[in-house]
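# Residue-level structural notes
What follows is each chain in one-letter form.
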Amino acid sequence: MIPLLWTTWGWREVSRNHQQALHFANITPPSDEVTGLGPFALEGLWRMSSPNSRFGGWSAMIEIGTGQFLAFSDRNMRLRFTPPGVAAPDVPKASQVGIRRAIYQRKRGRDWSVFDIESAVMAPDRSIWLGVEDDDRLIRIDADRSKGAFVEIPALKDWPVNGGPEAMTRLTDGRWMLLCETCGPRRGGLHLGLAFPDAPDRSQPQPFGIELPVGFDPVEMAPLPDGRLLILTRRLSLIPPHFESGLVLADPAKLDPKRPWQTQELARIDVRAMRENYEAMVVKDTSKGPEVWLLSDENGSALQETRLMKLRLDMARLPH
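Residues numbered from 1 in each chain as written. Predicted model: local features only at pLDDT ≥ 70, side-chain atom pairs only at ≥ 80, totals over all residues. Heavy atoms only, no water.

### Considerations on the sheet that holds strand β8 (residues 128-132)
Defined as follows: Two strands form a pair only when DSSP identifies at least two bridges running between them. Every helix listed is a DSSP run of H or I at least four residues long, and every strand listed is a run of E at least two residues long, numbered separately from the N terminus. All axes here are fitted lines through C-alpha atoms, helices being fitted over the stretch that makes contact, and every angle between N-to-C directions spans 0 to 180 degrees.
If you trace the four strands from one edge of the open sheet to the other, you get β7-β8-β9-β10, paired in antiparallel fashion. The outermost strands of the open sheet, each flanked by one partner alone, are β7 (117-122) and β10 (148-152). Going across the sheet, the axis of each strand differs from the next one's by a mean of 25°, ignoring polarity. Pairing analysis gives five bridges linking strand β9 (residues 137-141) to β10, with the strands arranged antiparallel.

### Some details on the sheet that holds strand β18 (residues 264-269)
Hydrogen bonds along the backbone pair up the strands of a sheet, which may run parallel or antiparallel. Pairing in this open sheet of four strands is antiparallel, and the strands run β15-β16-β17-β18 from one edge to the other. Both outer strands of the open sheet, β15 (217-223) and β18, are each paired with one neighbouring strand and no more. Here the strands of the sheet are splayed against their neighbours by 25° on average, with no regard to which way each runs. Here strand β16 (residues 229-238) pairs with strand β17 (residues 241-250) via ten bridges, running antiparallel. Note on β17: the bridge partner recorded for L236 is F243.

### Side note on the pattern of salt bridges
Condition: We define a salt bridge as a contact between a side-chain nitrogen of Lys or Arg and a carboxyl oxygen of Asp or Glu at a distance within 4 Å. Relative accessible area decides the class of each residue, using a 1.4 Å probe on protein chains only: under 20% of the type maximum gives buried, over 50% gives exposed, and in between gives partly exposed.
Inspection of every chain in the model, using the stated rule, returns 23 salt bridges. In this structure, R140 engages D142 in a salt bridge whose closest nitrogen and oxygen atoms are separated by 2.6 Å. The two residues R140 and D142 agree in class, both being buried. Through salt bridges that share partners, E43, E291, K310 and R312 make up one connected network.

Here you go:
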């Protein structure tokens, strides 16, 4: 959520265009500005653009196993793409880019509805789970993508407007977690979450509190190879208006619903050449160490950009 006057000043009008095209422009920040990354090394930064009028607003992203990513937007769109430097030899050229509506729901004579998608997880059975804003349901899409279902989570009824499951993940031990973007006294750094012992349609959640850096909200999370959790956080600074991002470490083994879950900040992305409104994150385990991919939501604003960032995490530099 961002101030109305900022979006009013910077709103960008677009005309209808459904061309399936995507462009990457390399961004090379000055070496002396690549700071604050801690155990992460910057391996790539790109500005993404498309003539497609459905492009933009990306708030969640998953890897789909072909070398490609699938991103989801707060405008109920999905983007399938191959990131720079990644080989996807089994993907036909015509399928390298795909921008389509994400969820079709027949309602009042129309074959689609608007969903503000904020988080996404691919389950072991290859079903895709989506968290949506201002709704007490998750959406489960079957592995063959032919149909979906709403999964009611009654605990979400108590979450505030614009506070719903901004971050969602499945841990390496099979637990699922949701984090609320704006629940709790944000000035103190406390946020609320739900932990499920199994998939949300097969288990009941346990509420918990989590301490994050003061002023920062959780926007995405993903497990690391050692079972710990990497959380992407964000806050808005007003003078001048810009977003800061943080990467935070949490150990699920230390989660105790009776007391706030403590976290450790690893990195801060706040230099002009690198910062944007990063909301989506994918962690890929590779032989060279985990890759962390971040994708930004430009909010339909002429003052912002869709950016893709690739970081390399040195696991040996993580705190123990």
